[in-house]
Amino acid sequence: MKHKKGSTIFLKSVIMLLGIPVLALGLFWLPGIASRDAAAHPESSYLSYLFLLYVYALCIPYYTALYKAYRLLTNIDQHKAFSKSVRALRTIKNCALTIVAGLVLGITSIMIMFTGKEDITGIITLTLISIFVTSTIATFAAVLHRLLQKAIDLQNENQLTV
């Protein structure tokens, strides 16, 4: 059966399209906003830089998961899907869970610092949506990881019986 690479090429391009805007926002847009906010509110300027540090720290697992997904698609193209896919899916799941933990930590600190001072419902809503999306990705990766591990176990069992 001949494997068509069109679907994996499409998914690879989607992965690239997911990474480029985050990189552009993180390098160009967020620092400008943080410096303008720090200039407008000098008494709380340290919070702008802590926010940038926090965002950059969350980008590490994000790009790690994107890289592992790209490598997974490359392995599928090379018909090596079983060999390294389990590790890649486990890494994607762990990266998603790390992002969820970071978002929960961030929203908790925002709620503690700004409760009663400012209207933070928009930030909370966006963070909860991000937590939901990332949790869905982690669940999907965990299910695929488990299914692939069972398939590998069955394949190894069949090789031993022959």
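Quantities reported herein were computed from a predicted structural model and do not represent experimental measurements.

Caption draft 1: Focus on the overall build of the protein. If you tally the helices and strands in the protein, you get four helices and zero strands. Scanning the protein from its N terminus toward the C terminus, one meets helices and strands in the order α-α-α-α. Taken over C-alpha atoms, the radius of gyration comes to 20 Å for the protein, far larger than the 15 Å a tight globule of 162 residues would show. The C-alpha extent of the protein, read off along each of the three principal axes, is 75 × 30 × 20 Å. When each of the 162 residues of the protein is scored for burial, the buried share is 28%. Intrachain contacts of the protein at a sequence separation of at least 6 include 74% that bridge at least 24 residues.

Caption draft 2: Summary view of the packing of aromatic side chains. One pass over the full model with this rule turns up one aromatic pair. Where Y62 meets Y63, the ring centres are 5.3 Å apart and the plane angle is 80 degrees; that geometry is what we call edge-to-face. For Y63, a relative accessible area of 27% gives the class partly exposed. In this structure, K12 is placed above the aromatic ring of Y70, and the distance from its NZ or CZ to the ring centre is 5.2 Å.

Caption draft 3: Just the pattern of salt bridges, in detail. Per the stated rule, a full pass over the model turns up one salt bridge. Across the salt bridge formed by K12 and D77, the nearest N and O atoms sit 3.3 Å from each other. Note that K12 is positioned in helix 1 (residues 6-40) and D77 in helix 2 (residues 45-77), a separation of 65 residues in sequence. There is no split in this pair, since K12 and D77 are both buried.

Caption draft 4: Broad picture of helix 1. For helix 1, built from 35 residues, the straight-helix expectation of 51 Å at 1.5 Å per residue is met to within 8% by its first-to-last C-alpha distance of 50 Å. Along helix 1, the sharpest kink reaches roughly 40 degrees, centred on G26. Listing the buried residues of helix 1 in full gives T8, K12, I15, G19, G26, L30, A34 and A38. If you follow the buried residues of helix 1, they end up packed against helix 2.

Caption draft 5: Molecular detail of a nonpolar patch on the surface. Side chains of L126, I129, F132, V133 and I137 sit close together on the surface and give an oily, nonpolar patch of about 520 Å² of accessible area. With respect to the helices and strands, the residue L126 is situated in helix 4 (residues 121-161). Judged by relative accessible area, L126 falls into the exposed class, the value being 58%.

Caption draft 6: Structural context of helix 2. When the terminal C-alpha atoms of helix 2 are compared, their 48 Å separation across 33 residues agrees well with the 48 Å that a helix rising 1.5 Å per residue should span. Following helix 2 by one or two positions, H79 adopts a phi angle in the positive range, close to 60 degrees.

Caption draft 7: The packing of helix 1 against helix 2, seen in detail. Look at helix 1 against helix 2: their axes get within 10 Å of each other, and the N-to-C directions meet at 170 degrees. The pairing of helix 1 with helix 2 is recorded here as roughly antiparallel in orientation. By residue class, the composition of the contact of helix 1 with helix 2 is 22 nonpolar, seven polar and three charged.

Definitions and cut-offs
Residues numbered from 1 in each chain as written. Predicted model: local features only at pLDDT ≥ 70, side-chain atom pairs only at ≥ 80, totals over all residues. Heavy atoms only, no water. Helix = DSSP H or I, 4+ residues; strand = E, 2+ residues; numbered from the N terminus. Rg over C-alpha atoms; globule rule 2.2 N^0.38 Å. Buried < 20%, exposed > 50% of the residue type's maximum accessible area, 1.4 Å probe, protein only. Contact = heavy atoms within 4.5 Å. Phe/Tyr/Trp six-rings, centres within 6.5 Å; stacked < 30°, edge-to-face > 60°. Lys NZ or Arg CZ within 6 Å of the ring centre and 35° of its normal. Salt bridge = Lys/Arg side-chain N within 4 Å of Asp/Glu carboxyl O. Expected span 1.5 Å × (residues − 1). Bend = angle between axes of the 7 residues up to and from the residue. Patch = residues over 30% accessible without salt bridge, like charges linked within 9 Å, V, L, I, M, F, W, Y side chains within 5 Å. Areas by Shrake-Rupley, 256 points an atom, 1.4 Å probe, with all protein chains shown as cover. Axes fitted to C-alpha atoms, helices over the stretch in contact; angles between N-to-C directions. Parallel < 35°, antiparallel > 145°, perpendicular 65-115°, else oblique. Nonpolar A, V, L, I, M, F, W, Y, C, P; charged D, E, K, R; others polar.

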